[in-house]
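Observations on chain architecture
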Amino acid sequence: MNPSVQYCPNPKCPDHGKVNAGNIGVPSRKEKRFICRTCGRTFAATYGPPLYRRHLDPQWIA
Ligand SMILES: [Zn+2]
């Protein structure tokens, strides 16, 4: 869980796809989710570089 390697998955967000833009926070570490402070969207920690895609949920693949 390292917010610095996560990026916003929202295509409409100005900071979409930017790593280390400083916009990613962790609202709830237990739920393994991140929040983009730029657009306010939360997303699962499975988003991100391939290194972090080992833990894909079946529902996410579908
Ligand atoms: Zn965003």
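Residues numbered from 1 in each chain as written. Predicted model: local features only at pLDDT ≥ 70, side-chain atom pairs only at ≥ 80, totals over all residues. Heavy atoms only, no water.

Thoughts on the overall build of the protein chain
Secondary structure assignment for the protein chain yields one helix and three strands. Counted from the first residue to the last, the protein chain has its helices and strands arranged as β-β-β-α. Expressed as a percentage of its 62 residues, the buried residues of the protein chain come to 26%. For the protein chain, restricting intrachain contacts to residue pairs at least 6 apart in sequence, the fraction spanning at least 24 positions comes to 32%. When the accessible area of the protein chain is evaluated, it comes to approximately 4,300 Å², of which 50% is carbon and sulfur surface. (Helix = DSSP H or I, 4+ residues; strand = E, 2+ residues; numbered from the N terminus. Buried < 20%, exposed > 50% of the residue type's maximum accessible area, 1.4 Å probe, protein only. Contact = heavy atoms within 4.5 Å. Areas by Shrake-Rupley, 256 points an atom, 1.4 Å probe, with all protein chains shown as cover.)

Here we look at the pairing of strand β2 (residues 33-36)
Note on strand geometry: in a regular strand, side chains alternate between the two faces of the sheet. Here β2 shows a buried face lined by Phe34 and Cys36 and an unburied face lined by Arg33 and Ile35. Turn length for the β2-strand β3 (residues 42-44) hairpin, with the two strands adjacent in sequence and antiparallel, is five residues, and the turn residue Gly40 shows positive phi of about 80 degrees. (Pairing = 2+ DSSP bridges.)

As for the coordination of the zinc ion
The zinc ion binds to the protein through Cys8 (SG), Cys13 (SG), Cys36 (SG) and Cys39 (SG); the donor distances cover 2.2 to 2.4 Å. Considering all four donor atoms around the zinc ion, the spread of angles at the metal, 102 to 113 degrees, places the coordination shape in the tetrahedral class. Positions of the donor residues of the zinc ion, expressed as sequence spacing, correspond to C-x4-C-x22-C-x2-C. On the accessibility criterion, Cys36 (0% relative accessible area) is buried. (Donors = N, O, S within 2.8 Å, 3.2 Å for Na, K, Ca; no water. Tetrahedral: all angles 85-135°; square planar, octahedral: opposite > 155°, others 65-115°.)

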